[in-house]
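Residue-level structural notes
Here is what each chain is made of, one letter per residue.
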Amino acid sequence: MMKLNNDILIRNVDASYLYWKIKNDEKIAEYENAKRQLKEAETEELKAKVEKLSQEIFSFKKEIVLDKKDNRFLYSGTLSDSLMSRKLRSLVVDKEGAIRTVGKGNTSPGTDYSDLIINVKFKSDVMISTNENKKVYNQEKGEIEELSEKRSKRLISKQKLRQMAYRDGITINGIHYVDFQRTSSKARTGNCLFIDDRYFDVMEEWQTLGIPFRMIVRSEDKKNPFEKIDIVSTRSYTSLTSSSIIGTLDIDPYGILLIDEVEGFHTMPCNVVDINQDTKKLQVAKEEYTQRTELWDGQSLADSSVFKNGKYYIRGRDGKEISHTYEDKGFMLLRNHFFKSAIFNTNLKEYYSEKFQGIENPVITDRFGNLFNPFDVKLVTTKNSCKIFKFSDLICAYLIPEEKKNTLKKLENDLETFNKDCSENENQVDMKDLKKQIKFEQDRLTWDWYREKLKLEHEVFGVCKYEKYSKFGDRQQVWYQVLGSLNLNENQLWKITEPQVHEVNLMKKYPAFLKNRLNTKAAESDNIGARMMKSVLEVNEDIARTVWYANYRRSYLNSILDRLREGKIQLNNSDFCVLVANPYEMLRASAGEKIETSILSDFECWNSRYQDGEDLYGFRSPHICTGNCALLKNTNRPEWKWFNFTNRILVINLWGKGAFLSQIWNGCDTDSDTAFIGNDPTVLDEVRNVISQNYLVPINGLSPEADPHEFNEVEMAKVDSKLSNDLIGKICNLARDLQSFYWHLFNTGT
């Protein structure tokens, strides 16, 4: 049976290009002329004409005809193997041509093409030519000149194109496509997946588990309790099944132990960015700030049997599938319907055996009071990993049978009575406790429904990734924002770059050193030229006497030097590590203990690559300023025996003062976030130096509220247009410039 699926190549087109395929120049000219006339003389007849023409012009209702040849030029988008694409494959398994495999052979899986889904980009406006000539400034003559070339103007903006596509759908080669989904990553780029509307209903029903989000609309009588929702998060959560996967795991939903979250907190002076209530402008103030951080936000503990029994497949050079287990992995990132969690390899059964030694028939409970035999537990997690609870009120209203809601109905009736009594008696009564009880009961019913749904539908968990080793060997590449946040002088910079410069000189002089470099993973992932040169050098190093070798060597070494100039310097004994917070405390909590202490304190951590008691630096992207540098203390504990962590996993502490590590690393959590850690002497000394100068932790004190909308295409288009920006990159680059100015003033005083 096939365990591997090809990526599916799909059309990847810009909406402006699609519009140009159906653009009617005569209608546009007539529309522009009618608008000019309307400005001169506003009549009802002209208004009606402009309105009619605008409806014809600003529409995607016409059929678009594109070339049908299967190649990577016309199908430049990729639909990776995912739970969603596997579901789609199952729907069309008997439909000839729905997914077409081209070039399949004995050793090649071929390439899959499909028109079931297209990726639509919204990168460009639609521009048209006007009757006015372009004007430019002639610097030599010092005057404005008129050119013969006509000036262009915008007919349709990117935002308007998105509204048209979401509203009308797009018809290409006889297939009508409708807005299907966008992931959080596609939201940043502005892209959106459109699906053949014949498969829309069944795919949306599947990916939403039947939750009626389309019922969230404004009602005329104002009786609909669900008129608005946070579209941004909702669309991200519904598309979790579209994440790329390398394999699947079959985990019994009734083997998942859901425990309460625990908070770490601490108070200390910080630089808090907030709104000045008088000027309504941003301000930065030094003040005592209390940080509260949830310890296990997005992480889970999985029994080692889950890693041992789970399998993934790779394809060998002979085309055959080779199976591997996850037994030697310490972490996996899982996805399922409304589920996203980083699971860590844990000896659950062994821990429970010691914990409940001598106890006959031990029992533990989840947060809802459900009883578990501890030895049946496969996964320990919290609500933060289960996004389904975001919609518990909606699920209880539409999907939970009435006979199961007796307790919920009583609580809701009590709340209604409570509200009436408060209104009549004009008493100010705290109803938080009653509302909390209602929320708890909604969550309990939702959890029972969710587990039953996954079980009945035989839904499996997708494995997105596991921890990887650096492609640079025992080194890892740092980035320029980190270097800019440290007050490194010229000598210090030379110390960290000298090893790579020395390597470049050796590769320039000796072919054996270049061949050795080409044997690394970094070179293998570069391009086909690197692989070809490596193969030739392995046969005969005399190739070094050719012009081809000299040109390749020059180009290759220049690319390394260019990366160094960009601040992409490889630091020794450093790497990106996956974060897991206070895992032993999570293990204790799973056995029913109340967590009031932690075996780690302050900024202690653990990574098996480094010595006990050793200082380590830690950075995480986005890295904005000096206040984002962390100085960690590597701390070995006997309790780590319960975990099968590799040296690419970093145990961190978010208890007590460690709660601020989340803010130091710009809101990190433990749902597969990584941090750059290491002990390069030069960088470590400078981190110690800046930490000793007591730079305060920067805190984002702004608390923007969610912006709820009706769940329809019109509102989705508005929201997605706002999201499609690169503000994070712009902010990081601005911070880089400000940090550079700061160090200049710090070092020179001018």
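Just so you know, the residues in each chain are numbered from 1, in the order the chain's sequence is written. For this predicted model, a pLDDT threshold of at least 70 governs which residues receive local features, and a threshold of 80 or more governs which side-chain atom pairs are given and counted, while totals over whole chains, interfaces and linings are taken from all residues. Excluding hydrogens and water, the side-chain figures rest on all heavy atoms present in the structure.

Counted at 1.5 Å a residue, the expected span for helix H3 (residues 44-57) with its 14 residues is 20 Å, and the 20 Å between its end C-alpha atoms agrees. When we look at burial in H3, the residues that qualify are Leu46, Val50, Leu53, Ser54 and Ile57. Here the buried residues of H3 occupy an arc of 105° about the axis, which is enough to place them on one side. Pointing more than 90 degrees away from the buried face of H3 are the exposed residues Glu44, Glu45, Lys52 and Gln55. Considering only its buried residues, H3 is in contact with helix H1 (15-22), helix H2 (25-40), strand E7 (143-156) and helix H5 (158-168). The numbering of helices and of strands both runs from the N terminus, where a helix is a DSSP run of H or I of at least 4 residues and a strand a run of E of at least 2. Residue count minus one, scaled by 1.5 Å, sets the expected span of a helix. Partly exposed residues are those whose accessible area sits between 20% and 50% of the maximum for their type, while under 20% is buried and over 50% is exposed, using a 1.4 Å probe and protein chains only. Think of the arc as the fan of directions from the helix axis to the C-beta atoms. Throughout, a residue-residue contact means that at least one pair of heavy atoms, one from each residue, lies within 4.5 Å.

Here the focus is the sheet that holds strand E32 (residues 698-700). When DSSP finds at least two bridges between two strands, those strands are taken to pair. If you trace the 3 strands from one edge of the open sheet to the other, you get E14-E13-E32, paired in mixed fashion. In this open sheet, the two edge strands, each paired with only one partner strand, are strand E14 (282-294) and E32. Taking the axes of each pair of neighbouring strands and ignoring which way they run, one obtains an average angle of 50° across the sheet. Where strand E13 (residues 263-275) lies against E14, 13 bridges are found, and the strand directions are antiparallel. Bridging across to E14, glutamate 263 finds its partner in glutamate 294. Helix axes are fitted only over the stretch in contact, all axes being lines through C-alpha atoms; the angle between N-to-C directions runs from 0 to 180 degrees.

Serine 621 connects to proline 622 through a cis peptide bond whose omega is 5°. The phi angle at phenylalanine 338 is positive, at roughly 55°, despite the residue not being glycine.

What follows is about the side chain of glutamate 585. You can see glutamate 585 is positioned in helix H20 (residues 583-590). Classification of glutamate 585 by relative accessible area gives buried; the value is 1%. In protein, a polar contact means a hydrogen-donor-capable atom and an acceptor-capable atom, both N or O and within 3.5 Å, with residues adjacent in sequence counting only if both atoms are side-chain atoms; elsewhere, any N or O pair within 3.5 Å suffices. At 3.0 Å, the side chain of glutamate 585 and the backbone nitrogen of isoleucine 599 are in polar contact. In this structure, glutamate 585 is in contact with Trp296, Ile595, Thr597, Ser598 and Ile599, ignoring residues within four places of it in sequence.

Where a protein is soluble and globular, its nonpolar side chains tend to be buried together. Counting 82 residues, the largest nonpolar core has Tyr19, Phe60 and Leu249 as the members making the most contacts within it. Contact partners of phenylalanine 60, with chain neighbours within four places excluded, come to Ala15, Leu18, Tyr19, Ile22, Leu161, Met164, Ala165, Asp168, Gly169, Ile170 and Thr171. Among the nonpolar cores identified, the runner-up in size contains 80 residues, and Val578, Phe660, Trp665 and Ile699 belong to it. What is meant by a nonpolar core is a set of buried Ala, Val, Leu, Ile, Met, Phe, Trp, Tyr and Cys residues, joined one to another through side-chain atoms within 4.5 Å.

Side-chain direction in a regular strand flips from residue to residue, so the side chains alternate between the two faces of the sheet. Counting buried residues in strand E5 (residues 111-121) gives 10 out of 11 residues, a clear majority hidden from the surface. In the sheet, strand E1 (residues 8-14) pairs with E5 via 6 bridges, with the strands oriented parallel. The residue bridging asparagine 12 from the neighbouring strand is asparagine 119, located in E5. With 4 bridges joining them, E5 and strand E10 (residues 192-196) adopt antiparallel strand pairing. Within the sheet, the bridge partner assigned to isoleucine 117 lies in E10 and is isoleucine 195.

Here the focus is the pattern of salt bridges. Basic side-chain nitrogens of Lys or Arg form a salt bridge, by our definition, when they fall within 4 Å of a carboxyl oxygen of Asp or Glu. A complete count under the given rule lists 57 salt bridges for this structure. Measuring nitrogen to oxygen at the nearest pair gives 2.9 Å for the salt bridge that ties glutamate 503 to arginine 475. Here glutamate 503 is found in helix H15 (residues 490-509), whereas its partner arginine 475 is found in strand E24 (residues 475-477), with 28 residues between them in sequence. Judged by its relative accessible area of 25%, glutamate 503 falls in the partly exposed class. The exposure class assigned to arginine 475 is buried, which follows from its relative accessible area of 10%.

Axis separation between H5 and helix H23 (residues 713-723) bottoms out at 9 Å; the angle between their running directions is 150°. As far as their axial angle goes, H23 and H5 are roughly antiparallel. Crossing angle aside, the handedness with which H5 passes H23 is right-handed. Two secondary-structure elements touch here, H5 through Gln159, Arg162, Gln163 and Tyr166 and H23 through Glu713, Met716, Ala717, Asp720 and Ser721. For this scheme, ten residues count as nonpolar: Ala, Val, Leu, Ile, Met, Phe, Trp, Tyr, Cys and Pro. Four count as charged, namely Asp, Glu, Lys and Arg, and the remainder, Gly too, count as polar. Of the residues that constitute the contact of H5 with H23, the class distribution is 3 nonpolar, 3 polar and 3 charged. Under this scheme an angle from 65 to 115 degrees is roughly perpendicular, one under 35 degrees roughly parallel, and one over 145 degrees roughly antiparallel; angles in between are oblique. Here is the rule for handedness: rotate from the far helix to the near one, and if that takes an anticlockwise turn smaller than a right angle the crossing is left-handed, while a clockwise turn gives right-handed.

This next bit is on the packing of aromatic side chains. Two aromatic rings are characterised by how far apart their centres lie and by the angle between their planes. Pairing of aromatic side chains here covers Phe, Tyr and the six-membered ring of Trp, requires ring centres within 6.5 Å, and sorts the geometry by plane angle: under 30 degrees stacked, over 60 edge-to-face, intermediate tilted. Within this structure, the stated rule accounts for 40 aromatic pairs. Taken together, Phe213, Tyr237, Phe338, Phe391 and Phe711 form an aromatic cluster joined through their ring pairs. Distance and angle both matter: a charge sits over a ring if NZ of Lys or CZ of Arg is within 6 Å of the ring centre and within 35 degrees of the ring normal. Lying over the aromatic face of phenylalanine 265, arginine 292 brings its terminal NZ or CZ to 4.8 Å of the ring centre. Positioned over the ring face of phenylalanine 389 is lysine 383, at 5.5 Å from the centre of the ring.

Among the secondary structure elements, glutamine 299 is positioned in strand E15 (residues 299-303). Residue glutamine 299 is classed as buried on the basis of its relative accessible area, which comes to 0%. Polar contacts involving the side chain of glutamine 299 include one to the main-chain amide nitrogen of alanine 581, which spans 2.9 Å. Contact partners of glutamine 299, with chain neighbours within four places excluded, come to Ser341, Ala342, Phe344, Thr381, Ser385, Val580, Ala581, Pro583, Met586 and Thr670.

This part covers the sheet that holds strand E29 (residues 630-634). As summarised here, the arrangement of the 6 strands in space is E26-E30-E27-E29-E28-E31, forming a closed barrel in which the pairing is mixed. Recorded for the sheet is a direction-independent mean angle of 45° between the axes of neighbouring strands. Direction of pairing for strand E27 (residues 604-606) relative to strand E30 (residues 649-652): antiparallel, over a ladder of 2 bridges. The residue bridging cysteine 605 from the neighbouring strand is isoleucine 652, located in E30.

In short, the description is geometric, and any link to function would need to be established separately.
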